[in-house]
Amino acid sequence: MDWIRSWKTTLFSLLGDVPIDLRPFISSISIDGTSATTIILDSNTGEPLWRPFLYNESCPDALPFVKAIAPANHTVCSGTSTLCKLVSWWNNEGASKKSAVLLHQADWLLWFLHGKLGVSDYNNALKVGYDPELESYPSWLLSQPYSELLPSVKAPGTVIGLLKEAIRTELGFPKDCAVCTGTTDSIAAFLAARATEPGKAVTSLGSTLAIKLLSTSRIEDARFGVYSHRLDDKWLVGGASNTGGAVLRQIFTDEQLQKLSEHINPMEASPLDYYPLKAAGERFPVADPKMLPRLNPRPQSDVEYLHGILESMARIEAKAYSLLKELGATQVEEVFTAGGGAKNEKWTKIRERVLGLPVRRATQTEAAYGAALLALKAKQSNI
Ligand SMILES: Nc1ncnc2c1ncn2[C@@H]1O[C@H](COP(=O)(O)OP(=O)(O)O)[C@@H](O)[C@H]1O
Ligand SMILES: O=C(CO)[C@H](O)[C@H](O)COP(=O)(O)O
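Each value, and the rule that gives it
- Residues numbered from 1 in each chain as written.
- Chains lettered and ligands numbered in written order.
- Predicted model: local features only at pLDDT ≥ 70, side-chain atom pairs only at ≥ 80, totals over all residues.
- Heavy atoms only, no water.
- Near = heavy atom within 4 Å.
- Polar contact = N/O pair within 3.5 Å; in protein donor to acceptor, adjacent residues only side chain to side chain.
- Areas by Shrake-Rupley, 256 points an atom, 1.4 Å probe, with all protein chains shown as cover.
- Helix = DSSP H or I, 4+ residues; strand = E, 2+ residues; numbered from the N terminus.
- Nonpolar A, V, L, I, M, F, W, Y, C, P; charged D, E, K, R; others polar.
- Buried < 20%, exposed > 50% of the residue type's maximum accessible area, 1.4 Å probe, protein only.
- Pairing = 2+ DSSP bridges.
- Axes fitted to C-alpha atoms, helices over the stretch in contact; angles between N-to-C directions.
- Contact = heavy atoms within 4.5 Å.

Near ligand 1 there are 14 residues, and of these Ser207, Gly245, Gly339, Gly340 and Asn344 occur at the shortest range. At 3.4 Å, a side-chain N or O of Lys343 approaches a nitrogen atom of ligand 1. Here ligand 1, which alone exposes 580 Å², has 76% of that area covered by the protein. It is helix α8 (residues 245-251) that contributes the most residues to the shell around ligand 1, four residues altogether. Per-class residue counts for the shell around ligand 1 are four nonpolar, seven polar and three charged.

Next up, the structure:
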């Protein structure tokens, strides 16, 4: 899969999909992307020096080097962290490369629009080691030889510059169309849900199962894949499991999911006990790169099978929320759902029963809506 080409093609086809009559009103653009999806670029040409490292890719070879420099259980002390990807590349390829820069998926796509190479946001930069509380990279990271690759970091929803003139004139966007720093996909989903009080949480049921709980306390423990993103003066505590929709899509089409779900009685507990994963490796609430998928025994009935999978995913979600409480986060009171799984009302009812909490579909379930709110906020604060 040529990810680089597909992401860039998708960006410009989306821009081209904006209705002509709405284009003069596009005053600000931001992008959310999968967290820790990492691209190493030539800082002179902007050309990728290596294939991208995807969000759930693990680089265990780098983990001992990262653990040797970072504080115990720091967010970067996970094989899937951006820092492990950077160190792995540096140890295998990078030492010979002088002019390189690291960007995350959202940063790299935004660069095509504003043209200033090397700018990120403190959500995307968390997993390379940026400290959003200090608003700087820590000294133990800046003292490393590869620190010269680290991007500059701004708050999410900060204007970086105006849309490049050539793109602006071709598309017919306004002269003052701003391009702003973005965020990660599960934070964008949280923003889209407009949950503003501590104790409110958003579970993103997309390809993965990502949890964000608004907390007054910052929690970080790589032993369980738990970290905190900054949201203004509060913290979004959580993590991302490798369970989720990507596992469902391996087994059922969206239409099958919809039809089979109609026959599930959500008030009846499924006796099936799975750990649904696409492949070996789990990030949260168990951080185990060797954890194997468990999706057997498969019953004759696909309705029972799907019920067992959805209930098992709900048990993982419940374990995640109780772990956050054990680690000192604000007690969860209500869960909003974002992502493709939010449309499944039977799953919502299964989750309410297993979590023992009110679970509601967010009014806006698309993460992109949250990115648009960031762009709006940036434009309003820049006037
Ligand atoms: N009715 C449904 N019930 C549960 N999951 C669903 C349903 N329809 C789609 N999905 C899942 O939603 C996922 C897509 O959601 P989406 O938020 O677009 O994911 P992402 O943005 O991570 O790619 C797919 O993996 C699919 O399996
Ligand atoms: O699973 C993912 C992709 O869907 C990402 O890892 C997800 O974005 C979680 O990372 P973060 O908490 O940093 O947003």
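As a further point, take the side chain of Asp131. Tracing the backbone shows Asp131 in the loop between β5 (119-121) and α5 (139-142). Note on Asp131: relative accessible area 17%, which makes it buried. Among the polar contacts made by the side chain of Asp131, one reaches the main-chain amide nitrogen of Leu134 at a distance of 3.2 Å.

Once that is clear, we can look at the pairing of strand β4 (residues 100-104). Counting buried positions along β4 yields five of five residues, so the element is predominantly enclosed. Neither face of β4 is left uncovered, since the one carrying Ala100, Leu102 and His104 and the one carrying Val101 and Leu103 both have all their residues buried. In terms of strand pairing, strand β3 (residues 38-42) meets β4 through five bridges, oriented antiparallel. Looking at β4, one finds that Ile40 is bridged to Leu102.

This part is about the sheet that holds strand β13 (residues 234-241). Taken in spatial order, the six strands line up as β12-β13-β11-β10-β14-β15 in an open sheet, and their pairing is mixed. Among the strands making up the open sheet, the edge pair consists of β12 (227-231) and β15 (359-361). Neighbour to neighbour, the strand axes of the sheet diverge by 25° on average, direction disregarded. Here strand β10 (residues 200-205) runs beside strand β14 (residues 334-338); their pairing, made up of five bridges, is parallel. In the strand pairing of β14, Thr203 is matched with Thr337.

Moving on, we come to the site of ligand 2. Around ligand 2, the structure places 13 residues, and the nearest of them are Ser35, Asp185, Ser186, Lys212 and Tyr227. In isolation ligand 2 has 370 Å² of accessible area, and contact with the protein removes 97% of it. For the shell around ligand 2, the secondary structure elements donating two or more residues are α7 (185-193) and β12. Class assignment of the residues belonging to the shell around ligand 2 gives a composition of three nonpolar, six polar and four charged.

Turning next to the pairing of β10. Judged by how many residues are buried, β10 sits mostly within the fold: five of six residues are covered. In the sheet, β10 pairs with strand β11 (residues 209-215) via five bridges, with the strands oriented antiparallel. Bridge pairing in β11 links Ala201 to Leu213. Hairpin connection between β10 and β11: a loop of three residues separates the two successive antiparallel strands.

A word on the environment of Thr203. Examined against the element boundaries, Thr203 turns out to sit in strand β10. Counting along the chain gives 133 residues from Thr203 to Phe336, while the straight-line C-alpha distance between them is 6.3 Å. Sequence-distant contacts of Thr203, that is, excluding residues within four places in its chain, are made with Leu209, Ala210, Ile211, Glu317, Tyr321, Val335, Phe336, Thr337, Ala338 and Arg351. One polar contact links Thr203 to Glu317, side chain to side chain, over a distance of 2.7 Å.

So, about the sheet that holds strand β7 (residues 159-162). Here we have three strands laid out as an open sheet, ordered β1-β8-β7, and mixed in their pairing. Each end of this open sheet is capped by a strand with a single partner; those strands are β1 (28-29) and β7. Pairing between β1 and strand β8 (residues 178-180): two bridges, direction parallel. Each residue of the ladder has a partner; that of Ile29, found in β8, is Val179.

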